[in-house]
Amino acid sequence: VLNLQSSRLDSVKTENRLLNADAESTIYAAVVANDLAECRRLQVALTNLSSVAAVHSVAELIPEGQPAKVPIIAEIRQRVGDVKFEVPAFVEEDVAELNRALRSLGLHAANMPALANAVKAARPKLSAASLAAYEKKFFADLQTQLTLLASQASRPMEIADVPVDVRRMLVGHTGKLLLRVFPQDNVWERAPLEKFCREVQSVAPKATGTPRGLYEFIDILQHGYIKAALWALLVIALMVYGDLRGVLAT
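Residues numbered from 1 in each chain as written. Predicted model: local features only at pLDDT ≥ 70, side-chain atom pairs only at ≥ 80, totals over all residues. Heavy atoms only, no water.

Caption draft 1: Structural view of the pattern of salt bridges. Under the definition given, this model contains 7 salt bridges. One salt bridge connects aspartate 161 with arginine 155, and the closest N-O pair in it is separated by 2.9 Å. In the salt-bridge network here, residues are joined through shared partners; they are Arg190, Glu194 and Asp219. (Salt bridge = Lys/Arg side-chain N within 4 Å of Asp/Glu carboxyl O.)

Caption draft 2: Inspection of the side chain of arginine 40 at higher detail. Considering the arrangement of structural elements, one finds arginine 40 in helix H2 (residues 36-47). No salt bridge forms around the buried arginine 40; measuring N to O, its nearest opposite-charge neighbour glutamate 64 is 4.1 Å away. There is a polar contact of 3.4 Å between the side chain of arginine 40 and the backbone oxygen of alanine 59. If we skip the residues at most four places from it in the chain, arginine 40 touches Ala59, Ile62, Pro63 and Glu64. (Helix = DSSP H or I, 4+ residues; strand = E, 2+ residues; numbered from the N terminus. Buried < 20%, exposed > 50% of the residue type's maximum accessible area, 1.4 Å probe, protein only. Lys, Arg positive; Asp, Glu negative; His and termini not counted. Polar contact = N/O pair within 3.5 Å; in protein donor to acceptor, adjacent residues only side chain to side chain. Contact = heavy atoms within 4.5 Å.)

Caption draft 3: Structural context of H2. In this model H2 runs 16 Å from its N-terminal to its C-terminal C-alpha over 12 residues, within 8% of the 16 Å that 1.5 Å per residue would give. Every buried residue of H2 is listed here: Cys39, Arg40, Leu42, Gln43 and Leu46. Where the residues of H2 are buried, they touch strand E1 (29-33), strand E2 (52-56), strand E3 (177-183) and helix H8 (190-203). Between the side-chain oxygen of the N-cap and the backbone nitrogen of alanine 37 there are 3.3 Å, and the N-cap of H2 in question is aspartate 35. (Expected span 1.5 Å × (residues − 1).)

Caption draft 4: Structural context of the environment of leucine 149. You can see leucine 149 is positioned in helix H6 (residues 128-150). For leucine 149, a relative accessible area of 39% gives the class partly exposed.

Caption draft 5: Local environment of a nonpolar patch on the surface. Together, Trp231, Leu234, Val235, Leu238 and Met239 line one region of the surface with nonpolar side chains, adding up to about 550 Å² of accessible area. As for its placement among the helices and strands, methionine 239 is situated in helix H9 (residues 210-244). (Patch = residues over 30% accessible without salt bridge, like charges linked within 9 Å, V, L, I, M, F, W, Y side chains within 5 Å. Areas by Shrake-Rupley, 256 points an atom, 1.4 Å probe, with all protein chains shown as cover.)

Caption draft 6: Structural view of the nonpolar core. Ranked by internal contacts, the top residues of the largest apolar core, which has 30 residues, are Val31, Leu46, Val52, Leu179, Val181, Phe196 and Val200. Every element with two or more residues in this core is listed here: E1, H2, E2, E3 and H8. Looking at this core, the element that brings in the most residues is H8, giving 4 residues. Sequence-distant contacts of valine 200, defined by excluding residues within four places in its chain, comprise Ala29, Val31, Leu46, Leu49, Val52, Val181 and Ala207. Ranked by size, the runner-up nonpolar core spans 5 residues in total, among them Leu102, Val119, Leu126 and Leu131. (Core = buried A, V, L, I, M, F, W, Y, C linked by side-chain atoms within 4.5 Å.)

Caption draft 7: Representation of unusual backbone geometry. Backbone geometry places arginine 245, a non-glycine residue, at a positive phi of 60 degrees. Turning to its location among the elements, arginine 245 is positioned in the segment after H9. Residue classification places arginine 245 among the exposed residues on the basis of a relative accessible area of 68%.

Caption draft 8: Layout of empty space enclosed by the protein. In this structure the tally under the stated criterion is 1 cavity of 30 Å³ or more. Empty space within the largest cavity amounts to approximately 40 Å³. In terms of lining, the largest cavity is formed by Ala29, Phe196, Cys197, Val200, Gln201, Ala207, Thr208, Pro211 and Arg212. Secondary structure elements with two or more residues in the lining of the largest cavity: H8 and H9. Top element by residues in the lining of the largest cavity is H8. It accounts for 4 residues. (1 Å grid on protein atoms, 1.4 Å probe; cavity = no way out; pocket = protein on both sides within 12 Å on 5 of 7 lines; lining within 4 Å. Points joined across faces, edges and corners; volume = space filled by probe spheres on them.)

Caption draft 9: Region of interest: the packing of helix H4 (residues 93-108) against H6. Packing of H4 against H6 leaves a shortest axis separation of 9 Å and a crossing angle of 95 degrees. Put simply, H4 runs roughly perpendicular to H6. Residues Asp94, Val95 and Leu98 of H4 lie in contact with H6, whose contacting residues are Ala128, Leu131 and Glu135. The class makeup of the residues in the contact of H4 with H6 is 4 nonpolar, no polar and 2 charged. (Axes fitted to C-alpha atoms, helices over the stretch in contact; angles between N-to-C directions. Parallel < 35°, antiparallel > 145°, perpendicular 65-115°, else oblique. Nonpolar A, V, L, I, M, F, W, Y, C, P; charged D, E, K, R; others polar.)

Caption draft 10: Looking closely at the side chain of serine 51. Among the secondary structure elements, serine 51 is positioned in the loop between H2 and E2. Setting aside residues no more than four positions away along its own chain, serine 51 makes contact with Phe182, Pro183, Gln184, Asp185, Lys195, Phe196 and Glu199.

Caption draft 11: The sheet that holds strand E4 (residues 208-209), seen in detail. Pairing is antiparallel across the open sheet formed by 4 strands, whose spatial order is E2-E3-E1-E4. The sheet terminates laterally at E2 and E4, the two strands that pair on one side only. In the sheet, E1 pairs with E3 via 5 bridges, with the strands oriented antiparallel. Bridge pairing links alanine 33 to leucine 177 in E3. Packed onto the sheet, H8 meets E1, E2 and E3 and runs at close to 150 degrees relative to E3. (Pairing = 2+ DSSP bridges.)

Structural measurements only, silent on function.
Right under this line is the structure:
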């Protein structure tokens, strides 16, 4: 069906690039689960299918075994507490010491070109100003991470905690959950499409989505063409017979 469209279309070009790059297709099967438990079960079953490359749903974002993890999180919060520390004063001698360390690392990394080149590129950029700025950013980031640890909620994560944009894409207004099932092979070709639809429906009989639509569309199109050809042959034969009045001539 992809070949029936103009190869100059941006959408077709993009789809072909994705297929050649072995990336996830832009089309996928859609499976609806009634709750998180069913969503997890379907996620595992669909992922194990040979024709499936990946399955994405909100179940990926909600950790399992949360009741056992809650006490651990509470203990981490208690240990971290309200951590705040002063950024130590910058020491000029650190530049020379770091320079010596980089030089030594460069010598030991002679057999590792990627690391040696990285060290070589870093040394000319080393200065008191850059090192002081790096230290300031490092301690700020460390403070942020510790604050994040200390502010973790001591309760299991729920679907309502998932960012709203993701929730809008994967959770319906009625609370039902969407699983997006991506094919392993190029389902624009008939054989992979048939295999993908057959395997997905063996797990989720009510699965829908573009691949299923393509599968049904091609079947309807093929049968429609055959039926149209047979009816056309019959009507034309009758018209020719009516004109020539003879079976042999017709």
